[in-house]
Amino acid sequence: IDLVPLDDPTVGDLLAVPCNTAHYYIDQFIDELPVPLVHIVEATLDEAERRSPNGAWLTGTIGTMRTGLYQRAAERRGYALHEPAVAHQERIMGVIGQVKAGKLDEAGAEFRRVVEELREIGERPIVMACTEIPLAFNRSGLDRSVAVSSLEALAKATYEKAQSMRLGGS
């Protein structure tokens with residue numbers, strides 16, 4: 001991989017925000033940003049569509065779910081995002097709390113159970129639209145193919161955008 005040095009003069013400024021819920025606020029002034037933004041929702045949905053054109057489960061905080069960020073973006077593209085039932089959503093919030101408390105093994109075990117239950121309902125990948133969920137996933141023992149990390153999607157899209165800018169693209 002030919003990485004772009006941070007001080008490479010051929011690359012202009014680029015903004016990437018690794019928080020899903022923050023994009024609710026960013027979207028309110030996105031047109032006023034002085035530099036391009038790599039949007040975490042768009043990057044994540046791009047990756048989810050590439051890996052599973054027929055849809056995915058959406059997991060995140062209650063705040064992210066209530067903003068409708070992912071749901072509206074998916075609807076605009078005609079992509080099917082499936083939301084967990086309230087009981088599963090409450091357990092996902094518990095997983096996020098365990099990660100914040102540093103209880104990664106417990107979080108991983110519980111997230112594995114939730115993912116397995118969701119995939120019994122419908123076998124599709126899990127979109128992890130929260131910065132804590134991938135930490136639990138990494139301790140879950142689940143195969144990487146069953147999930148799409150918003151953080152990994154953002155990192156990949158940011159790298160690709162920086163490379164494009166370096167090569168003179170927009």
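Structural notes, computed from the coordinates. (Residues numbered from 1 in each chain as written. Predicted model: local features only at pLDDT ≥ 70, side-chain atom pairs only at ≥ 80, totals over all residues. Heavy atoms only, no water.)

**Quick notes on the state of the cysteines**
Consideration 1: Counted under the stated rule, the structure contains 0 disulfides.
Consideration 2: Its sulfur unpaired, Cys-19 is 8.2 Å from the next cysteine sulfur, which belongs to Cys-130.
Consideration 3: For Cys-19, a relative accessible area of 34% translates into the label partly exposed. (Disulfide = S-S within 2.5 Å. Buried < 20%, exposed > 50% of the residue type's maximum accessible area, 1.4 Å probe, protein only.)

**Section: the nonpolar core**
Consideration 1: Counting 21 residues, the largest nonpolar core has Val-41, Leu-45, Leu-58, Tyr-70, Tyr-79, Leu-81 and Val-127 as the members making the most contacts within it.
Consideration 2: Those elements that provide at least two residues to this core are helix H2 (40-51), strand E3 (56-60), helix H4 (69-77), strand E5 (126-129) and helix H8 (150-166).
Consideration 3: Among the elements that line this core, the one with the most residues is H2, at 5 residues.
Consideration 4: Look past the residues within four positions of Val-127 in its chain and what remains in contact with it is Thr-44, Ala-48, Ala-56, Trp-57, Leu-58, Thr-59, Tyr-70, Leu-81 and Val-148.
Consideration 5: Counting residues in each nonpolar core, the second largest holds 19 residues, with Ile-92, Phe-111, Val-115 and Ile-126 among its members. (Core = buried A, V, L, I, M, F, W, Y, C linked by side-chain atoms within 4.5 Å. Helix = DSSP H or I, 4+ residues; strand = E, 2+ residues; numbered from the N terminus. Contact = heavy atoms within 4.5 Å.)

**A few points about the sheet that holds strand E4 (residues 81-82)**
Consideration 1: Pairing within the open sheet is parallel, and its 4 strands lie in the order E4-E3-E5-E6. Each edge of the open sheet is held by one strand with a lone partner, namely E4 and strand E6 (147-149). (Pairing = 2+ DSSP bridges.)

**Some points on the environment of Ala-157**
Consideration 1: On the secondary structure map, Ala-157 appears in helix H8.
Consideration 2: C-alpha of Ala-157 to C-alpha of Ala-16: the two residues are 141 residues apart in sequence and 9.3 Å apart in space.
Consideration 3: Dropping the residues within four chain positions of it, Ala-157 is found in contact with Val-38 and Ala-43.

**Focus on the pattern of salt bridges**
Consideration 1: All told, the structure shown has 13 salt bridges when counted by the stated rule.
Consideration 2: Between Arg-77 and Glu-49 there is a salt bridge; the shortest N-O distance is 2.5 Å. Of this pair, Arg-77 sits in helix H4 while Glu-49 is found in helix H2, placing the two residues 28 residues apart along the sequence.
Consideration 3: Arg-77 sits in the partly exposed class, given a relative accessible area of 24%.
Consideration 4: Exposure remark for Glu-49: the relative accessible area of 27% places this residue in the partly exposed category. (Salt bridge = Lys/Arg side-chain N within 4 Å of Asp/Glu carboxyl O.)

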